[in-house]
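The residues making up each chain are set out below.
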Amino acid sequence: MLLYELRSCNFRSSLKSYRPMQENSRLAMPFSQPFYVLAKPVGASCNLRCTYCYYLEKSAYYPNDTRHWMDDATLESFICAYIQSQPSPYVLFTWHGGEPLLRPLSFYNKVYELQQKYAGNRTIDNCIQTNGVLLNEGYCAFFKEHSWLVGLSIDGPEALHDACRVDAKGRPTFQAVSDAIHLLNRWEVQWNALVTVNAATVAHPLEIYHFLKDFGCTFIQFAPVVERKQSATTDDRLAAPNDYRSMRVTSESLLPGQWGQFLCALFDEWVQNDVGTVFIQHFDATLANWMGHPPGLCTFSRTCGQALAMEFNGDVYACDHYVFPEFLLGNLRTRSFMEMLLSPSQIRFGQNKRDSLPKQCLECDFLNICNGECPKNRFCFDVYGEPGLNYFCSDLKHFFTHTASWMQSYVERYGHLRE
Ligand code: SF4
Ligand code: SF4
């Protein structure tokens, strides 16, 4: 027994995401662990222009298709292949964007029909990540009827949310998102908050936290912003993760020190009042690693590579944060998920998370908890001059040090209960 029930719309933190792997490890399958695909029914199209967005610029990879809508044939191929490739009786679909609610309800009805067609005796779960602006009664009725989990992007109370989350005309979006939450609550649709922590909001952890609690939100994922521009000063595109030349972080990015302070302040509040009633992904994943369980969050796992991203046309990339031409694995119409997952490049991609750690990480007391965090953020040099140190290293150390005694005592009190 854990006091927590980990749950998140995002596959990176879903308990569903590793429960099947544990329960079905004896199944003889070519790929014995579940994998996940962030499917993008509208590619990088979005009705908003959040200033920290890392995905909108991906539409430039598909200049000949203006709409970026997944067609029926691709949708059916995806649903069939995704279900049939999974080694477990549980299959989790994640609909992502861009903004997936740019597709009408009829698209999601088709999704449901196709999932029924190919499910066999497998249990299908769905989650959808949305900015909420287009949510309406029809979507809510569908999500409620079919038990879809909604991940809603909201950055905090009005002034903090609207600092970066604006529409295509630069107008604020808080009111629409607030209305969406009321709608979700009225329909009793399960929802999680995805809070992007950026330069404008990082000084306000408790304000954001209390705001979400007041809205009845009990599952919260906080994601820190750090993105780099390409090294040439005239090029405004984001630097690829394997581009070590640029240290030009965007103005929305956090500065070293801020993320650690944010997490520690949040933890102190949570540990005083909300253990067991509010679930914060970072804390759950940290505790899971302390207890020797799968963290349910790829950034804190030893290796990665099982969380793919699929564009509207069936192009599959190594990860949602690695949608760059050099990380394209192939297209679903010509290559199976198994081929792509088992390709040397994808295996190398996943194992590099463990194998490319710099010396400073290998000597770190928190290596088993942190695992060097996400490779996307490893663009700094360690104290030995080795490349590959995480931009958030000092923040992570601050957080792990700050929470170590509580985590340790939790393990001592409850660690035996799940053995
Ligand atoms: S690169 Fe980062 S976000 Fe992508 S799967 Fe690996 S740890 Fe997760
Ligand atoms: S805290 Fe820093 S040194 Fe330690 S494992 Fe994480 S990134 Fe590496």
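As a reminder, the structure under discussion sits directly above these lines.
Report follows, based on the coordinates.

**A look at the packing of helix 2 (residues 72-85) against helix 3 (residues 105-119)**
- The N-to-C vectors of helix 2 and helix 3 enclose an angle of 40°; their axes lie 9 Å apart at closest approach. In terms of their interaxial angle, helix 2 and helix 3 are classed as oblique. The hand of the helix 2/helix 3 crossing is right-handed. For the pair helix 2 and helix 3, contact is made by Leu-75, Glu-76, Ile-79, Cys-80, Ile-83 and Gln-84 and by Lys-110, Leu-114, Gln-115, Tyr-118 and Ala-119, respectively.
- Residue composition of the contact of helix 2 with helix 3, grouped by class: 7 nonpolar, 2 polar and 2 charged.

**Some points on the site of ligand 2**
- All residues in the neighbourhood of ligand 2 are listed as Gln-360, Cys-361, Cys-364, Phe-366, Leu-367, Cys-370, Gly-372, Glu-373, Asn-390, Cys-393, Leu-396 and Lys-397.
- When contributions to the shell around ligand 2 are tallied by element, the ones reaching two or more residues are helix 12 (359-362), helix 13 (367-370) and helix 14 (393-414).
- For the shell around ligand 2, the element with the most residues is helix 14, which contributes 3 residues.
- Of the residues that constitute the shell around ligand 2, the class distribution is 7 nonpolar, 3 polar and 2 charged.

**Here's the deal with the site of ligand 1**
- Near ligand 1 the following residues occur: Cys-298, Thr-299, Cys-304, Ala-307, Cys-319, His-321, Lys-353, Cys-374, Pro-375 and Lys-376.
- Its residues assigned to classes, the shell around ligand 1 comprises 6 nonpolar, 2 polar and 2 charged.

**Some details on the sheet that holds strand 8 (residues 307-310)**
- Taken in spatial order, the 10 strands line up as 7-6-5-4-3-2-1-8-9-10 in an open sheet, and their pairing is mixed. Strand pairing shows two members of the sheet lacking a second neighbour, strand 7 (279-280) and strand 10 (328-331), which therefore form its edges.
- In this structure, strand 1 (residues 36-39) lies alongside strand 2 (residues 90-95), joined through 2 bridges in parallel fashion. Bridging across to strand 2, Leu-38 finds its partner in Thr-94.

**Quick notes on the environment of His-210**
- Among the structural elements, His-210 can be located in helix 7 (residues 205-214).
- A C-alpha to C-alpha distance of 22 Å links His-210 and Thr-130, two positions 80 residues apart in sequence.

**With respect to helix 4 (residues 137-145)**
- What helix 4 keeps buried is the set Tyr-139, Cys-140 and Phe-143. Here the buried residues of helix 4 occupy an arc of 100° about the axis, which is enough to place them on one side. Along helix 4, exposed side chains directed more than 90 degrees from the buried face belong to Glu-137, Gly-138 and Glu-145.
- Elements in contact with the buried residues of helix 4: helix 3, strand 4 (149-153) and helix 6 (174-187).
- Downstream of helix 4 by a residue or two, Ser-147 has a phi angle that is positive, lying close to 55°.

Conventions we followed
Residues numbered from 1 in each chain as written. Chains lettered and ligands numbered in written order. Predicted model: local features only at pLDDT ≥ 70, side-chain atom pairs only at ≥ 80, totals over all residues. Axes fitted to C-alpha atoms, helices over the stretch in contact; angles between N-to-C directions. Helix = DSSP H or I, 4+ residues; strand = E, 2+ residues; numbered from the N terminus. Parallel < 35°, antiparallel > 145°, perpendicular 65-115°, else oblique. Left-handed = near helix turned anticlockwise from the far one by under 90°. Contact = placed C-beta atoms within 7 Å. Nonpolar A, V, L, I, M, F, W, Y, C, P; charged D, E, K, R; others polar. Near = placed C-beta within 6 Å. Pairing = 2+ DSSP bridges. Buried ≥ 20, exposed ≤ 12 C-beta atoms within 10 Å, placed from the backbone. Arc of directions from axis to C-beta.

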